[in-house]
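Breakdown of the fold
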Amino acid sequence: MGAPSPNLSEALSRILPGGRGVWIPMDHGLSGYPETGLDRMDLVIDSVIEGGADAVVLQKGVLSHQFSRTSWTNFVCHLSASTVHGGFNSQSKVMVGGAEEAVSRGAVAVSGQVNLGDEAEPVMLHDLGLLTSEAWQIGVPTLGMVYPRGPNLSIDPSDSTHGVAHAARVAFEIGCNVVKVPWTGSIESFQIVTSAVPIPVLIAGGVSASFDETLSIVGKSIEAGGSGVCMGRQIFSSDNPSSRVRAVRAIVHEGASLEEAQSFL
């Protein structure tokens, strides 16, 4: 295939300035709706952009609308889909587009998902592999959202990451340029994840008792070698998404303490 396209490096530096990023995924409305915050999508998009988000991840129809409305150039197109109505297949993602189409709709990068341990894991791996191949050829970065969450997971008892290091490795080995994985619960275990791959590792938002706890986890992930966040509901469901983005940015990009980040809230 040869060396990466110069476009790939330029795109990565735009959405991961200094190798770090605050990405806000808002692709959740396809999986299930109503979803708090996504009923006021235009306002939330404007707020997170104003707060300094490095990228926003959207499904392709929403992306086309938002790109047309804002002309913002840091949208990432998520191309995996399933819904809560799928029964046993509700976590079995299928690919619903390609890299060229995503770029034509205004995306700077693409995203695909694999749920390790799901019955449809082989199909998701196949689809993500095809996406990374197409994206590579046209110089477009690929985010891999890889989660160890299916019923067939086979976790080694000695694996303190509970499959998260393997998830990161899957994204890297299949050709992704960035990976999103869950937080593992400790700096020590997350260091195993970040040392497993040479690509940026972003943490998912997950569920925390408070946003202060979330900010603390973000700081720990950076200390463990992480490159930032790909965090959705904890941002877009907020009454003030912009302030939360600023708080996360302070930790990810400026090395702020928890107390310094809290001053933005």
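Residues numbered from 1 in each chain as written. Predicted model: local features only at pLDDT ≥ 70, side-chain atom pairs only at ≥ 80, totals over all residues. Heavy atoms only, no water.

**Brief notes about the overall build of the chain**
The helix and strand inventory of the chain stands at 12 helices and 10 strands. The C-alpha radius of gyration of the chain comes to 17 Å, within 12% of the 18 Å expected for a compact globule of 265 residues. In terms of overall dimensions, the chain has a C-alpha envelope of 50 × 45 × 40 Å along the principal axes. Put simply, the chain has 265 residues, and 53% of those count as buried. Residue pairs at least 24 apart in sequence account for 68% of intrachain contacts in the chain once pairs closer than 6 positions are excluded. When the accessible area of the chain is evaluated, it comes to approximately 11200 Å², of which 53% is carbon and sulfur surface. Side-chain charges of the chain comprise 15 positive and 26 negative groups, with the mean position of each set lying 4 Å from the other. (Helix = DSSP H or I, 4+ residues; strand = E, 2+ residues; numbered from the N terminus. Rg over C-alpha atoms; globule rule 2.2 N^0.38 Å. Buried < 20%, exposed > 50% of the residue type's maximum accessible area, 1.4 Å probe, protein only. Contact = heavy atoms within 4.5 Å. Areas by Shrake-Rupley, 256 points an atom, 1.4 Å probe, with all protein chains shown as cover. Lys, Arg positive; Asp, Glu negative; His and termini not counted. Charge placed at Lys NZ, Arg CZ, Asp CG, Glu CD.)

**Structural notes on the nonpolar core**
It is characteristic of soluble globular proteins that their nonpolar side chains tend to be buried jointly. Grouped together as the largest cluster of nonpolar side chains are 64 residues, with contacts concentrated most on Met26, Val48, Val181 and Val248. Non-local contacts of valine 248, meaning those with residues more than four positions away in its chain, are made with Val22, Phe211, Leu215, Val218, Val229 and Ile235. Formed by 18 residues, the second largest nonpolar core is a distinct cluster that contains Leu8, Ile15, Leu16 and Val178. (Core = buried A, V, L, I, M, F, W, Y, C linked by side-chain atoms within 4.5 Å.)

**Thoughts on the layout of surface pockets**
When its volume is computed, the largest pocket comes out at roughly 670 Å³. Lining the largest pocket we find 37 residues, and of these His28, Tyr147, Arg149, Lys180 and Arg233 sit closest to its centre. For the lining of the largest pocket, the secondary structure elements donating two or more residues are helix 2 (28–31), strand 4 (80–81), strand 7 (142–148), strand 9 (201–204), helix 9 (211–223) and helix 10 (233–236). Broken down by class, the residue content of the lining of the largest pocket amounts to 14 nonpolar, 17 polar and six charged. (1 Å grid on protein atoms, 1.4 Å probe; cavity = no way out; pocket = protein on both sides within 12 Å on 5 of 7 lines; lining within 4 Å. Points joined across faces, edges and corners; volume = space filled by probe spheres on them. Nonpolar A, V, L, I, M, F, W, Y, C, P; charged D, E, K, R; others polar.)

**Observations concerning the packing of helix 3 (residues 41–51) against helix 11 (residues 241–254)**
Pairs of packed helices are described in terms of their axes, by the angle between the two and the distance that separates them. Viewed as axis vectors pointing N to C, helix 3 and helix 11 meet at an angle of 30°, and their least axial separation amounts to 7 Å. One element, helix 3, and the other, helix 11, form an angle in the roughly parallel class. In the packing of helix 3 onto helix 11, the handedness of the crossing is right-handed. Between helix 3 and helix 11, the contacting residues are Val44, Ser47, Val48, Glu50 and Gly51 on the first element and Pro241, Ser242, Val245, Arg246 and Arg249 on the second. Here the residues of the contact of helix 3 with helix 11 are counted per class, giving four nonpolar, three polar and three charged. (Axes fitted to C-alpha atoms, helices over the stretch in contact; angles between N-to-C directions. Parallel < 35°, antiparallel > 145°, perpendicular 65-115°, else oblique. Left-handed = near helix turned anticlockwise from the far one by under 90°.)

**Considering the sheet that holds strand 2 (residues 55–59)**
Ordered by their spatial adjacency, eight strands build a closed barrel running 1-2-3-6-7-8-9-10, and the pairing between neighbours is parallel. Across this sheet, the average inter-strand angle for adjacent strands is 30°, counted without regard to direction. As paired elements, strand 6 (residues 107–116) and strand 7 share seven bridges and run parallel to each other. What sits directly across from glycine 112, in strand 7, is glycine 144. Each of strand 8 (178–181) and strand 9 is contacted by helix 8 (residues 187–195), which is oriented at about 135° to strand 9, the strand it contacts most. (Pairing = 2+ DSSP bridges.)

**Topic: helix 6 (residues 121–137)**
When the terminal C-alpha atoms of helix 6 are compared, their 25 Å separation across 17 residues agrees well with the 24 Å that a helix rising 1.5 Å per residue should span. For helix 6, the secondary structure elements touched by its buried residues are strand 5 (94–95), helix 5 (99–104), strand 6 and strand 7. Glycine 139 sits one or two residues past helix 6 and shows a positive phi near 75°. (Expected span 1.5 Å × (residues − 1).)

**Topic: helix 11**
Given 3.6 residues per turn, any residue in an α-helix points the same way as the ones three and four places further on. Between its first and last C-alpha atoms helix 11 spans 19 Å; for 14 residues at 1.5 Å apiece the expected length is 20 Å, and the two agree. Within helix 11 the residues assigned to the buried category are Pro241, Ser242, Ser243, Val245, Ala247, Val248, Ala250, Ile251 and Val252. Of the surrounding secondary structure, the elements contacted by the buried residues of helix 11 are strand 1 (21–25), helix 3, helix 9, strand 10 (228–230), helix 10 and helix 12 (258–262). Where helix 11 ends, the next residue or the one after it, glycine 255, has phi of about 65°, a positive value.

**Focus: unusual backbone geometry**
Of note, the bond from tyrosine 33 into proline 34 is cis; its omega dihedral lies within 30 degrees of zero at 10°. Its location among the elements puts proline 34 in the loop between helix 2 and helix 3. The backbone of histidine 162 shows a phi angle near 55°, a positive value even though the residue is not glycine. With respect to the secondary-structure elements, histidine 162 resides in the loop between strand 7 and helix 7 (164–173). Residue histidine 162 is classed as exposed on the basis of its relative accessible area, which comes to 53%.

**Examining the packing of aromatic side chains**
Taken as a whole and assessed by the stated rule, the structure comprises two aromatic pairs. Judged by centre distance (5.1 Å) and plane angle (80°), the ring pair of tryptophan 72 and phenylalanine 75 falls under edge-to-face. Like phenylalanine 75, tryptophan 72 is buried. When the ring of tryptophan 183 is compared with that of phenylalanine 190, the centres are 5.1 Å apart and the planes differ by 45°; the resulting orientation is tilted. Residues tryptophan 183 and phenylalanine 190 agree in their burial class; the two are buried. We note arginine 149 situated over the ring of tyrosine 147; from NZ or CZ to the ring centre the distance is 4.2 Å. In this structure, arginine 244 packs its charged tip against the face of phenylalanine 211, placed 4.2 Å from the ring centre. (Phe/Tyr/Trp six-rings, centres within 6.5 Å; stacked < 30°, edge-to-face > 60°. Lys NZ or Arg CZ within 6 Å of the ring centre and 35° of its normal.)

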